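Letter by letter, the chains look like this.
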Amino acid sequence: MYRSILLYLKKRNKLAKKLHIPRFFWYAAGIAIIYLVLVRLDILPSLKNLFRSKPVVIDTTPVLIKEMKSIAQLMTMSSYDEVVVDSSKSFSADIPGFTNTNSLVDKSQLVIIAHGQIVAGLDLQQLDESKIFIAGDSVSLILPPAKILDAIVNPSQYEIFIEEKGWEPAEVNALKVRARDKMVERSLKQGLLQKADSKAKMILENFLRSAGFKRISIL
Amino acid sequence: MNKFPAAFLILFIFLSCGQKSVPEQKQEILALKEMSDLATAEYNITKVVKASDDKTWFKVGDRKILLSCSGTIKAGIDLSLLKETDILIEKKNISLTIPPAKVISLNIPPEQIQLEYQQVGFWRDKFSNAEQNELMIQAEKQIRQAADSIGIIQNAEKNAKIFITGFLKRLGYQNVQINFTLPEKKK
């Protein structure tokens with residue numbers, strides 16, 4: 001094996017001398033070939049990705065169920081919104097020898113863009129027998145009022161636009177909660193609950209009509 | 001004679017300087033969408049998120065992080081798919097063919113995401129909040145993929161059957177039969 005390699009190198013040297021190719025070229029070509037093979041085998045990164053950080057991938061872990069609930073929520077209206085929230089705080093540097101630290105105050109800013117969905121509708125579990133009145137082909141229902149059933153702003157719906165130093169995860173979460181609350185507030189101002197109420201009435205009216213009732217009253 | 005071009009030039013400079021700032025627009029709600037979903041099952045779930053940052057060859061030292069999160073998955077049926085032909089009535093008997101259940105929503109509230117532990121090498125920085133959010137996005141994706149396999153769909157269909165049967169019985173029907181349409185095959 002070694003002998004054949006040595007023979008090959010000798011032959012190559014002779015050929016290089018004949019062709020006047022400098023020895024350095026052979027070394028460089030050899031290294032390049034070895035590198036390309038290792039890149040192809042995914043052992044070394046390509047030149048393009050040589051100084052690019054590899055993404056951090058989470059391990060696959062199970063989803064555990066804490067509680068299972070039986071519900072009856074009629075979701076009738078949702079609003080999709082986008083809000084920007086920001087917060088800033090200042091740090092005062094405590095350097096020995098400096099009496100006035102006001103001039104050494106450093107500000108840190110956090111800006112979050114959140115996209116979310118606010119869902120409104122009725123909790124039909126509250127629609128018990130005392131709220132349903134039937135006489136022949138007439139039916140009358142007293143519906144519970146519409147309420148916010150979900151305010152969904154998942155991790156994929158947040159973008160941390162500016163994050164300067166010194167923000168703890170709890171502070172970031174508090175700002176995210178503020179963004180979500182802002183969305184709920186804005187959806188309420190847009191009359192989401194009233195719209196959810198009227199849509200629920202429409203859905204139930206259609207359902208009751210299909211179920212054979214001629215006169216329907218929904219309050 | 002040259003007064004007119006000079007005045008025009010001054011006016012042009014004045015106008016072009018003055019129009020630089022665009023007034024900030026007041027944000028409005030992006031969209032309101034009607035829904036007709038009857039959510040019948042809710043699962044409170046929890047997941048541990050763990051990751052190691054040790055794959056980049058030129059970074060000296062490793063980082064490890066452990067996060068935990070809780071959330072809610074809701075499943076139910078889309079009533080907008082219910083057609084008039086799906087309801088058959090014969091005196092006090094009613095038969096309903098309702099669409100199959102689906103996952104309606106996943107909600108991972110930010111206050112239920114906790115940083116449990118992180119180990120950072122001497123030469124490395126802590127995981128920033130943006131990096132932690134990136135990891136949580138991956139966790140959200142894993143939860144979405146697992147949602148179908150935790151039995152919530154079957155439970156939602158069972159609960160929908162119980163709820164609709166009870167509701168129709170309260171409306172005066174004696175025999176209620178609920179069937180589900182077969183889910184469309186994914187192409």
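Up top you'll find the structure we're talking about.
Residues numbered from 1 in each chain as written. Chains lettered and ligands numbered in written order. Predicted model: local features only at pLDDT ≥ 70, side-chain atom pairs only at ≥ 80, totals over all residues. Heavy atoms only, no water.

Colleague: Can you help me understand the environment of Leu188 of chain A in this one?
Modeller: Residues and elements named next belong to chain A. Its place among the elements puts Leu188 in helix α3 (residues 169-189). Each C-alpha atom of the pair Leu188 and Lys147 lies 9.8 Å from the other, and the pair is 41 residues apart in sequence. Ignoring sequence-local partners within four residues, the contact set of Leu188 consists of Ile148 and Leu193. (Helix = DSSP H or I, 4+ residues; strand = E, 2+ residues; numbered from the N terminus. Contact = heavy atoms within 4.5 Å.)

Colleague: Would you mind going over the packing of aromatic side chains with me for this structure?
Modeller: For any pair of aromatic rings, geometry is given as the distance between the ring centres together with the angle between the planes. Applying the stated criterion across every chain, the model contains 4 aromatic pairs over all chains. Plain terms: the ring middles of Phe25 of chain A and Trp26 of chain A are 6.1 Å apart, the flat faces sit at 80° to each other, and that makes the pair edge-to-face. When the ring centre of Tyr158 of chain A is taken as origin, the NZ or CZ atom of Lys176 of chain A, which lies over that ring, is 4.9 Å away. Lying across the ring of Phe127 of chain B, Arg63 of chain B places its NZ or CZ 4.0 Å from the centre. (Phe/Tyr/Trp six-rings, centres within 6.5 Å; stacked < 30°, edge-to-face > 60°. Lys NZ or Arg CZ within 6 Å of the ring centre and 35° of its normal.)

Colleague: When you look at the interface of chain B and chain A in this model, what are you seeing that I'm missing?
Modeller: The figure often quoted for interface size is the accessible area lost as the parts come together. Contacts between chain B and chain A engage 77 residues on the former and 77 residues on the latter. Approximately 6,700 Å² of surface area, both sides summed, lies buried where chain B meets chain A, with 59% of it carried by carbon and sulfur atoms. Counting across the interface, chain B meets chain A through 4 salt bridges. A salt bridge links Arg180 of chain A to Glu111 of chain B, with the nearest nitrogen and oxygen atoms 3.1 Å apart. At the junction of chain B with chain A, the criterion picks out 36 residue pairs in polar contact (both at pLDDT 80 or more). Those elements giving two or more residues to the side of chain B that touches chain A turn out to be β1 (31-53), β2 (63-78), β3 (87-90), β4 (93-98), β5 (102-107), β6 (113-120), α2 (129-147) and α3 (152-170) of chain B. Considering every element that reaches the side of chain B that touches chain A, the biggest residue donor is β1 of chain B, with 23 residues. Within the side of chain B that touches chain A, the residues separate by chemical class into 42 nonpolar, 19 polar and 16 charged. (Buried area = accessible area lost by both parts, 1.4 Å probe. Salt bridge = Lys/Arg side-chain N within 4 Å of Asp/Glu carboxyl O. Polar contact = N/O pair within 3.5 Å; in protein donor to acceptor, adjacent residues only side chain to side chain. Nonpolar A, V, L, I, M, F, W, Y, C, P; charged D, E, K, R; others polar.)

Colleague: Before we go on, may I ask you to explain the side chain of Gln73 of chain A in this structure?
Modeller: One can find Gln73 of chain A in strand β1 (residues 63-92). Exposure remark for Gln73 of chain A: the relative accessible area of 11% places this residue in the buried category. Excluding its chain neighbours within four sequence positions, the residues that come into contact with Gln73 of chain A are Leu122 and Leu149 of chain A together with Asp37, Leu38, Ala39, Glu42 and Lys74 of chain B. (Buried < 20%, exposed > 50% of the residue type's maximum accessible area, 1.4 Å probe, protein only.)

Treat this as a map of the structure, not an account of what it does.
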